[in-house]
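Each chain is listed here by its residues.
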Amino acid sequence: MKNLLLILSVLLSLYAFCQPSDATIKKDLTNSNKVSIKFTKTTGTRQWNSSTGNWEYVRGVEITQKAASYPEFKIVVIGDAVYQSMGGSSYSYWKFRQTDQHYLDIPNPSTEEIYATISKDWKQFYGYNFRNITNLVVEPKIKEESKFVWHDPKSVSIEMIYTAEIINGWAVEKKEINKTMRLYKDDVNGDWVRFIMSNGPETVLEKTEYHEEEIKELRLKTLEYSLEEEKAKAHMNELPEVEIPKFEKFIDLFNDIHEILLSGDEKKLEAVLIQTLSKKKYLEVGSDVQLNYFGRELVDKITKDAFGYKYKYADQICRTYTFGDLSSERHVNINGSVPGSGMMMNGVLVPGGFKNGVQQWIWEITLLQVFILQDKKSTDYINSFDDPSKLCPND
């Protein structure tokens, strides 16, 4: 046993002797850009590299050097100095294997700059939780122990933390959520313009079960819904103020839309449509101003079709119109002055609240289409009249 221990001791001494010294490693890694080199561990590791079929000696180092792309800044490069066995007891420097890096001495963004960047896109910051957060218990903030990590002078990461109440199925969980935020600039001396988020640990602090109907009510308080409602109200305030009368018949609502289309007033059209489109089909649940995807698509399409091309609604639709086929109490189809042009609108009578205990009913639009032709045949037809007023002889 003593002999075995002696042999092992000699072998270890020889192994330690043949390892590259600290001075050798520093010399092998030094060039004109290097500022300082320090070791991350007191000793290295001998390991087998199956790719090269050779033994390696690996020593962890941290190098501070001038940044090649931004020489005014210093960069810390972390990795391993790798030596390959030359047979026997000698090793030869092979390469530096980098594992990480970060920049030094760059002014960190201020708290104001960080929040200004976040406010450009709250949905990006909160991710999936954006549509489920009902209450921010603790607003997002930089973690106290977090450090700014500069990937380059135009990109930095920082850890953020917040606490929120979040809908999960038929329950609301109070969670502490950690995320990493990485900010980007387009220019070293410019403003922060965008960011991405990476998820971190989440801790459930409390959990409360709710009835399905209560969850529906809570969904009207989520960050996504609240912010979109706020934006929709602000947009509505920018549109003309229009008071919608009580239309006794659907044709009265149709005629109102028809007159607005003839006037070419896009803003007024949008304001009226938001208030008269079917809430069930075209508005977000619980909102009187927030169009859903289908509502926004309809408003944009009608505006484009009626006013967005060479021929406008008033160019091909007469004020005094003629009904098309299949017109009825809830469906109005009119012919335009150009063959194939026209307008069609469908409606439905829905409950509109109570007055003195009596159920009121209002008309809402379920379908609206405008057909204004832009082809050469239609142009030739219009130009064939020596007097343009003959297109609408009854107006």
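Just so you know, these numbers come straight off a predicted model, no measurement behind them.

Peer 1: Looking at this structure, I do not really get the state of the cysteines. What am I missing?
Peer 2: Among covalent bonds in proteins, the disulfide is the one between the sulfur atoms of two cysteines. Applying the stated criterion across every chain, the model contains 1 disulfide. Here C318 connects covalently by a disulfide to C392, the sulfurs 2.0 Å from one another. Note on the C318 and C392 pair: the S-S dihedral is about -85 degrees, so by sign convention the disulfide is left-handed. Of this pair, C318 sits in the loop between helix 11 (313-316) and strand 11 (322-323) while C392 sits in the segment after helix 12 (376-383), placing them 74 residues apart in sequence. Judged by relative accessible area, C392 falls into the buried class, the value being 18%.

Peer 1: How should I be thinking about the environment of K175 in this particular structure?
Peer 2: Along the chain, the position of K175 falls in strand 9 (residues 171-185). A C-alpha to C-alpha distance of 45 Å links K175 and K268, two positions 93 residues apart in sequence. Within the local environment of K175, its side chain forms a polar contact with the side chain of E202, the two groups lying 3.1 Å apart.

Peer 1: What is the right way to read the packing of helix 8 (residues 266-276) against helix 10 (residues 293-307) from this model?
Peer 2: Relative orientation and spacing of two packed helices are given, respectively, by the angle between their axes and the distance between those axes. At a minimum axis distance of 11 Å, the contact between helix 8 and helix 10 shows a crossing angle of 150 degrees. If you check the angle between helix 8 and helix 10, you find them roughly antiparallel. Every pair of crossing elements has a handedness; the one defined by helix 8 and helix 10 is right-handed. Counting all contacts with helix 8, which are made through E266, L269, E270 and L273, the residues of helix 10 involved are R296, V299, I302, T303 and F307.

Peer 1: What is the right way to look at helix 6 (residues 223-238) in this model?
Peer 2: Every α-helix winds through 3.6 residues per turn, so residues three or four apart in the chain are directed the same way. Here helix 6 spans 23 Å end to end across 16 residues, near enough to the 22 Å set by a 1.5 Å rise per residue. Every buried residue belonging to helix 6 is among L223, Y225, E229, A232 and M236, and all of these are buried. In this fold, the buried residues of helix 6 make contact with helix 4 (122-126), strand 6 (133-142), helix 5 (212-219) and helix 8.

Peer 1: Just to check I follow, could you spell out the sheet that holds strand 11 for this structure?
Peer 2: Pairing in this open sheet of 4 strands is antiparallel, and the strands run 11-12-13-14 from one edge to the other. Of all the strands in the sheet, the pair left with one neighbour each is strand 11 and strand 14 (358-371). In this sheet, strand 14 lies alongside strand 13 (residues 342-355) in antiparallel orientation, the contact comprising 12 bridges. If you follow M344 over to strand 14, its bridge partner there is Q369.

Peer 1: When you look at the packing of aromatic side chains in this model, what are you seeing that I'm missing?
Peer 2: We describe a pair of aromatic rings using the distance from one ring centre to the other and the angle between the two ring planes. Counted under the stated rule, the structure contains 16 aromatic pairs. Each ring, one from W122 and one from Y126, has its centre 5.9 Å from the other, and the planes form 20 degrees; the classification is stacked. On the criterion of helical spacing, the pair formed by W122 and Y126 is a turn pair, its members being 4 residues apart in helix 4. Taken together, a centroid distance of 5.7 Å and an interplanar angle of 80 degrees make the contact between F254 and Y321 edge-to-face. Here Y321 lies in the loop between helix 11 and strand 11 and F254 lies in helix 7 (residues 250-263), a separation of 67 residues in the sequence. Residue Y321 is classed as buried on the basis of its relative accessible area of 18%. The ring of W55 carries R46 above its face, with NZ or CZ at 4.2 Å from the centroid.

Peer 1: Looking at this model, I keep getting lost on the nonpolar core. Mind explaining?
Peer 2: It is characteristic of soluble globular proteins that their nonpolar side chains tend to be buried jointly. By size, the foremost hydrophobic cluster in this structure holds 43 residues, and its most contacted members are I257, L261, Y313, M343 and M345. Counting residues per element, the ones that place at least two in this core are helix 6, helix 7, helix 8, helix 10, strand 12 (331-335), strand 13 and strand 14. Sort the elements by how many residues they give to this core and helix 7 lands first, with 7 residues. For Y313, the residues in contact, after removing those within four places along its chain, are H258, L261, L262, A306, I334, M343, V370 and I372. I118, Y126, I166 and I177 belong to the second largest nonpolar core, which has 28 residues in total.

Peer 1: Just checking my understanding: could you explain unusual backbone geometry for this structure?
Peer 2: Even without a glycine there, the phi angle at D105 is positive, about 60 degrees. Among the secondary structure elements, D105 is positioned in the loop between strand 5 (91-104) and helix 3 (111-118). On the basis of relative accessible area, D105 is assigned to the exposed category, the value being 63%. Even without a glycine there, the phi angle at N356 is positive, about 55 degrees. In this structure, N356 sits in the loop between strand 13 and strand 14. Judged by its relative accessible area of 76%, N356 is exposed.

Peer 1: Is there a simple way to think about the pairing of strand 3 (residues 54-66) in this case?
Peer 2: One face of the sheet, then the other: side chains in a regular strand alternate in exactly this way. When you tally the buried positions in strand 3, you get 10 out of 13 residues, the bulk of the element. Pairing geometry for strand 1 (residues 34-39) and strand 3, over 5 bridges, is antiparallel. Looking across to strand 3, one finds that F39 is bridged to V61. Sheet analysis places strand 2 (residues 45-49) next to strand 3, joined by 5 bridges and oriented antiparallel. Across the sheet, Q47 pairs through a bridge with E56, a residue of strand 3. The hairpin formed by strand 2 and strand 3 contains 4 residues between the paired strands, and G53 there has a positive phi angle of roughly 65 degrees. For strand 3 and strand 4 (residues 74-85), the ladder comprises 11 bridges, and the chain directions are antiparallel. By the bridge assignment for strand 4, K66 is matched with K74.

Definitions and cut-offs
- Residues numbered from 1 in each chain as written.
- Predicted model: local features only at pLDDT ≥ 70, side-chain atom pairs only at ≥ 80, totals over all residues.
- Heavy atoms only, no water.
- Disulfide = S-S within 2.5 Å.
- Helix = DSSP H or I, 4+ residues; strand = E, 2+ residues; numbered from the N terminus.
- Buried < 20%, exposed > 50% of the residue type's maximum accessible area, 1.4 Å probe, protein only.
- Polar contact = N/O pair within 3.5 Å; in protein donor to acceptor, adjacent residues only side chain to side chain.
- Axes fitted to C-alpha atoms, helices over the stretch in contact; angles between N-to-C directions.
- Parallel < 35°, antiparallel > 145°, perpendicular 65-115°, else oblique.
- Left-handed = near helix turned anticlockwise from the far one by under 90°.
- Contact = heavy atoms within 4.5 Å.
- Expected span 1.5 Å × (residues − 1).
- Pairing = 2+ DSSP bridges.
- Phe/Tyr/Trp six-rings, centres within 6.5 Å; stacked < 30°, edge-to-face > 60°.
- Lys NZ or Arg CZ within 6 Å of the ring centre and 35° of its normal.
- Core = buried A, V, L, I, M, F, W, Y, C linked by side-chain atoms within 4.5 Å.

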